[in-house]
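Examining the three-dimensional arrangement
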Amino acid sequence: MTETLGFFQAWLRAPLRVAAVAPSGRALATLMTCEITRATGPVIELGPGMGSFTRALIARGVRPDDLALIEFGADFAASLHRRYPDAQTLCMDAARLRSVELFGGRPAGATISGLPLLSMRPREVFGILTGAFRKMRSDGAFYQFTYGPRCPVSGRLLEHLGLEAERIGGTFANLPPASVYRIRRKSPLPAVGASGSRMMPDRSAEVRDHEDAPARGR
């Protein structure tokens, strides 16, 4: 109850950024992490909030020091740091992910996102996706849940970035019911950066704020 109350208070302060009145349930956390194991390697978590997915990742065998927790809310970030001192917790905007170094430069195997993408401007979603895929191996996957009827990343943006999305399941046990999508590169990227990691093409100049206005929610 204390955790739920804290989450609700955070929603009252910033409803569009939090976009939910309670933490994600166990059924959704299980679905979001079902394809991840210790062998996945480092995992980036965007918008962990109270740590529902973080707990599920650790239960799946991911080591705390193989977790990077990217949280904008200062209260949430401080709580996560206390609970998971071995994880790398950064209090920052996930759209700036490409500007920080994670895991000593090692590429991640997956990204778990609890961010309300449908409440964000296309430019922000673009920054989040390009930042995450720059930090992952070429076969890395980005997992995103939504309360909506379709993938929260538009087909236009997926095509623009050379990505594809697949619904891997849904759960009615969550409140509200949610679906989970896996987003991957259509094919390995040819360009290799100085560190040896594969790079995503820089297309930020091509993204315009006058794209279709996003709906509210996740």
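1. Quick word on the overall build of the protein chain
Assigned secondary structure in the protein chain consists of seven helices and seven strands. In the protein chain, the order of α-helices and β-strands from amino to carboxyl end is α-α-α-β-α-β-α-β-β-α-β-α-β-β. Counting all 218 residues of the protein chain, 49% fall into the buried class. Put simply, 68% of the contacts in the protein chain that link residues at least 6 apart link residues at least 24 apart. For the protein chain, the exposed surface amounts to about 10,600 Å²; the carbon and sulfur share of it is 54%.

2. Focus on the nonpolar core
In this structure, Leu46, Leu129, Phe142 and Val153 are the most contacted members of the largest nonpolar core, which totals 30 residues. Of all elements in the fold, only strand E1 (43-46), strand E2 (67-71), helix H6 (122-134), strand E5 (136-146), helix H7 (155-161) and strand E7 (178-185) reach the threshold of two or more residues within this core. Residues in contact with valine 153, not counting those within four places in the same chain, are Leu117, Val125, Leu129, Leu158 and Ile183. Counting 22 residues, the second-largest nonpolar core is a separate cluster that includes Met32, Ala56, Val62 and Val180.

3. Details of the packing of aromatic side chains
This structure, assessed with the given rule, holds three aromatic pairs. Ring centres of phenylalanine 53 and phenylalanine 145 lie 5.8 Å apart, and the angle between their planes is 85 degrees; on these two criteria the pair is classed as edge-to-face. Placement of phenylalanine 53 in helix H4 (residues 52-59) and of phenylalanine 145 in strand E5 is noted, with a sequence separation of 92 residues between them. What makes phenylalanine 53 buried here is its relative accessible area of 3%. Between the aromatic rings of phenylalanine 133 and phenylalanine 142, the centroid separation amounts to 6.3 Å while the plane-to-plane angle is 20 degrees, which identifies the pairing as stacked. Take phenylalanine 133: its relative accessible area is 0%, and that puts it in the buried class.

4. A closer look at the sheet that holds strand E4 (residues 108-113)
Remark on secondary structure: sheet strands pair via backbone hydrogen bonds, oriented parallel or antiparallel. The strand order across the open sheet built from seven strands is E3-E2-E1-E4-E5-E7-E6, with neighbouring strands paired in mixed fashion. Of all strands in the sheet, those bounded by a partner on one side alone are strand E3 (88-91) and strand E6 (163-171). Recorded for the sheet is a direction-independent mean angle of 20 degrees between the axes of neighbouring strands. Of the strand pairs in this sheet, E4 and E5 are connected by five bridges, and their pairing is parallel. Each bridged residue has a counterpart across the sheet, and for threonine 111 the counterpart in E5 is phenylalanine 142.

5. Overview of unusual backbone geometry
Even without a glycine there, the phi angle at phenylalanine 103 is positive, about 55 degrees. Position of phenylalanine 103 among the secondary structure elements: in the loop between E3 and E4.

6. Re the pattern of salt bridges
Applying the stated criterion across every chain yields a total of seven salt bridges. As a salt-bridge pair, aspartate 66 and arginine 63 come within 3.4 Å of each other at their nearest N and O atoms. Look at aspartate 66 and you get buried, because its relative accessible area is 6%. For aspartate 139, the salt bridge is made with arginine 137, and the minimal N-O distance between the two is 3.1 Å. Put simply, Arg63, Asp65, Asp66 and Arg106 are held in one network by salt bridges that share partners.

7. Brief notes about the confidence of the model for the protein chain
In the predicted model, the protein chain carries a mean pLDDT of 83, and the fraction of residues at 70 or more is 74%. Below a pLDDT of 50 lies the segment residues 7-12, which in the model reaches 14 contacts outside its immediate sequence neighbourhood of four places, other chains included.

8. Comments concerning helix H5 (residues 74-83)
Where H5 is concerned, the buried positions are Phe76, Ala77, Ser79 and Leu80. Around the axis of H5, the buried residues are gathered within 165 degrees of arc, so they sit on the same side. Among the exposed residues of H5, those oriented more than 90 degrees off its buried face are Asp75 and Arg82.

9. Observations regarding the side chain of threonine 40
Summarising the element assignment, threonine 40 is placed in the loop between helix H3 (26-32) and E1. Its relative accessible area of 12% is what places threonine 40 among the buried residues. Once residues lying within four places of it in the same chain are set aside, the contact partners of threonine 40 are Glu35, Gly109, Ala110 and Arg137.

Definitions and limits used
- Residues numbered from 1 in each chain as written.
- Predicted model: local features only at pLDDT ≥ 70, side-chain atom pairs only at ≥ 80, totals over all residues.
- Heavy atoms only, no water.
- Helix = DSSP H or I, 4+ residues; strand = E, 2+ residues; numbered from the N terminus.
- Buried < 20%, exposed > 50% of the residue type's maximum accessible area, 1.4 Å probe, protein only.
- Contact = heavy atoms within 4.5 Å.
- Areas by Shrake-Rupley, 256 points an atom, 1.4 Å probe, with all protein chains shown as cover.
- Core = buried A, V, L, I, M, F, W, Y, C linked by side-chain atoms within 4.5 Å.
- Phe/Tyr/Trp six-rings, centres within 6.5 Å; stacked < 30°, edge-to-face > 60°.
- Pairing = 2+ DSSP bridges.
- Axes fitted to C-alpha atoms, helices over the stretch in contact; angles between N-to-C directions.
- Salt bridge = Lys/Arg side-chain N within 4 Å of Asp/Glu carboxyl O.
- pLDDT = per-residue confidence, 0-100.
- Arc of directions from axis to C-beta.

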